[in-house]
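# Structural features, examined
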Amino acid sequence: PVISSLRWIRVREDMTGQQGSARVVDFERSNDMLLVSRPSGPTNQLLRGFGLLKVSLHDTRHTEYVNIHSQRLRDIATSGRGDAVTLTASEDKTLRLTSLISNTVVQKYEVSSPAWSCCWHSEEDYYFFAGLANGRVLLFDVRNTAQHVDALGESDGGMGGRGAGPVVSLAHVKPSLVTSSSRSSGLLVGQSTRLSFCRHEAGSEYKWCNLAQGSVTSVSWEEKSRHGLVSFRPSKGQPLIKHTLFQMEDEIADSPSVNARLISSMMGGNAARLLSRTTIFQHPASPDRLLACAGDEAAKAALLYDFGTQEHMQKLSCLSAGQKEILHTKYFEQNGEHYVAALTETNLALFRWGQAA
C-alpha cells in the first residue's frame, strides 16, 4: 500500500484506574507489557502508595498492580538487559529497582531531593542516571548498593545543574561509530530553564554544555538518525508550545564543547500547565523522515508532527477519557509492528501503524 493509505489506528484502550493520577508509561520488551505509574487506589488499604500497573499486550484482560513508592512516581525506565528489572524515580526521594517477575523492590537508593527523572546508560548495563528537583544529575552503578558514584558537573567545585530548576527529562546518547557532526556521548538534560548536554570526557568526567534556553517539558533522542527532540513551554516571546528537532555538533575536533544545531521547529497549542512527555521516531514507511508525537492540552489529544513534510500528520484521541489531557506518549516496536501509546490520568490508548479501513 502507498503511504497515504496508512495511518495510526486505535487498537485498544484500557482504564488505568478510576482514581486517576497516572503520569508516565514505558514499554517492557522482555515481557511485552506496558508499565503505567499510578496510585494504589482506595480499595487497597493494605498497600497504600504508588507503583506500576502492568498491562499485557497479549491478554487485554490481564493487568497487575505492583506497589513501589510512598509518594508519586515521576519517571519509569525499563532495563535493556532483558532481566525484567525496572527503574523508577519518585517524589519520596528514592530511586528503586523492581523485579517484574517477583513484583518486589530489589534495590533502593535514597537521594537528597525528590527524583523527577531517570534513564539507563544505553551502553553500560550497570549504570543509570537520575535527575532531581534541586537540579542535580546523579550517576549510579547497580553494583554499588549504597549511593551514587558521581554527581555530573560537580567535580572541582562545579555547580552542575544546580540553580537551573528541576530536571524534568533525561536521555542518554551513545557515541557515534560513523562520521557525523558529533561523535560525542553523554546525557541530554532538560530542566525548567534550559536544555543541556553532559558530555562524557576521557575517564569518568562529564563536561556540562548549555544547548538552549527555555522551559523544557521533555527531551528525547532518536539513536538511528542521531537527532534529538526538545519540547518547550510557551513563554512571553513564544506564545505556543514549541517542539524543536536538533542535531548536536562538536565545535571543533576533540573540543569539550557541543552545540545544538536547529533543524526545524513545529508549534503546538497555547497551554502547557502539565509536564507532557513527547517521543521521536522514524516514519514506519519512510525512515528518512522523523515523526514526533506530543500530548497537547489545547487539543485534548496527542498530535503527530512530520518533520519531513513540516505538517501535522494526525490527531490521536483517547475515546473514553472524556476531556483529559494526554500526559505521555511512547513509541515502541513489537513483532515487526509499530505502536504509539498515549496516556491520560485515567486511560491508556494504543495506536498501531497500519492500513486504514
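How each quantity is defined
Residues numbered from 1 in each chain as written. Predicted model: local features only at pLDDT ≥ 70, side-chain atom pairs only at ≥ 80, totals over all residues. Heavy atoms only, no water. Disulfide = S-S within 2.5 Å. Buried < 20%, exposed > 50% of the residue type's maximum accessible area, 1.4 Å probe, protein only. 1 Å grid on protein atoms, 1.4 Å probe; cavity = no way out; pocket = protein on both sides within 12 Å on 5 of 7 lines; lining within 4 Å. Points joined across faces, edges and corners; volume = space filled by probe spheres on them. Helix = DSSP H or I, 4+ residues; strand = E, 2+ residues; numbered from the N terminus. Nonpolar A, V, L, I, M, F, W, Y, C, P; charged D, E, K, R; others polar. Contact = heavy atoms within 4.5 Å. Polar contact = N/O pair within 3.5 Å; in protein donor to acceptor, adjacent residues only side chain to side chain. Salt bridge = Lys/Arg side-chain N within 4 Å of Asp/Glu carboxyl O. Phe/Tyr/Trp six-rings, centres within 6.5 Å; stacked < 30°, edge-to-face > 60°. Lys NZ or Arg CZ within 6 Å of the ring centre and 35° of its normal. Pairing = 2+ DSSP bridges. Axes fitted to C-alpha atoms, helices over the stretch in contact; angles between N-to-C directions.

Here we come to the state of the cysteines. In this structure the tally under the stated criterion is 0 disulfides. Here Cys119 stays unpaired: no disulfide links it, and the sulfur of Cys118, its closest cysteine neighbor, is 7.4 Å away. Take Cys119: its relative accessible area is 8%, and that puts it in the buried class. For the unlinked cysteine Cys293, the closest cysteine sulfur is that of Cys318, found at 10 Å. A residue is classified by how much of its surface remains accessible, and Cys293, at 0% relative accessible area, is buried.

So, about the layout of surface pockets. Where empty space is left becomes clear once a probe the size of a water molecule has been rolled over the atoms. Quantified by volume, the largest pocket comes out at close to 1,600 Å³. Contributing to the lining of the largest pocket are 49 residues, with Asp26, Arg29, Trp221, Lys330 and Tyr331 lying nearest its centre. At the level of secondary structure, the elements contributing two or more residues to the lining of the largest pocket comprise strand E2 (25–28), strand E6 (73–78), strand E10 (115–120), strand E14 (167–173), strand E18 (216–222), strand E22 (279–283) and strand E26 (328–334). Top element by residues in the lining of the largest pocket is E26. It accounts for 6 residues. Partitioned by chemical class, the residues of the lining of the largest pocket number 17 nonpolar, 18 polar and 14 charged. Along its surface, the second largest pocket is lined by 18 residues, and Ala212, Gln213, Phe232, Lys242 and Thr244 are the ones closest to its centre. Of all the secondary-structure elements, those providing two or more residues to the lining of the second largest pocket are strand E17 (206–213), strand E19 (227–232), strand E20 (242–250) and strand E21 (258–267). Partitioning the lining of the second largest pocket into residue classes produces 9 nonpolar, 6 polar and 3 charged.

Here the focus is the environment of His312. Here His312 is to be found in strand E25 (residues 311–316). Excluding residues within four positions of it along the chain, His312 makes contact with Met266, Met267, Leu303, Leu304 and Tyr305. Engagement of the side chain of His312 in a polar contact is seen with the backbone oxygen of Met267, the distance being 3.3 Å.

In total, this model carries 19 salt bridges according to the counting rule given. Salt-bridge contacts for Glu64 lead to Lys54; the nearest nitrogen and oxygen are separated by 3.3 Å. Of the two residues, Glu64 sits in strand E5 (residues 63–69) while Lys54 sits in strand E4 (residues 50–56), which places them 10 residues apart along the sequence. Relative accessible area serves as the criterion here: at 30%, Glu64 is assigned to the partly exposed category. The class for Lys54 is buried, based on a relative accessible area of 6%. Glu110 is the salt-bridge partner of Lys108, the closest N and O atoms lying 3.9 Å from each other. Assessed through its relative accessible area of 39%, Lys108 is described here as partly exposed. Look at Glu110 and you get exposed, because its relative accessible area is 60%.

What follows covers the packing of aromatic side chains. Evaluated as defined, the whole model comprises 10 aromatic pairs. Ring geometry for Phe129 versus Tyr206: centroids 6.2 Å apart, planes at 85°, classification edge-to-face. Here Tyr206 lies in strand E17 and Phe129 lies in strand E11 (residues 127–132), a separation of 77 residues in the sequence. Overall, the relative accessible area of 0% leaves Phe129 in the buried class. Taking the ring centre of Trp116 as reference, the NZ or CZ of Arg74 above it sits at 3.8 Å. The ring of Tyr126 carries the charged tip of Arg143 above its face, separated from the ring centre by 4.1 Å.

Backbone-to-backbone hydrogen bonds join strands into a sheet, with any given pair of strands oriented parallel or antiparallel. Strand order in this open sheet of 4 strands is E22-E23-E24-E25, and the pairing throughout is antiparallel. One side of each edge strand has no neighbouring strand; the edge strands of this open sheet are E22 and E25. Going across the sheet, the axis of each strand differs from the next one's by a mean of 30°, ignoring polarity. Examined bridge by bridge, E22 and strand E23 (residues 286–296) share 5 bridges and lie antiparallel to one another. By the bridge assignment for E23, Phe281 is matched with Leu291.

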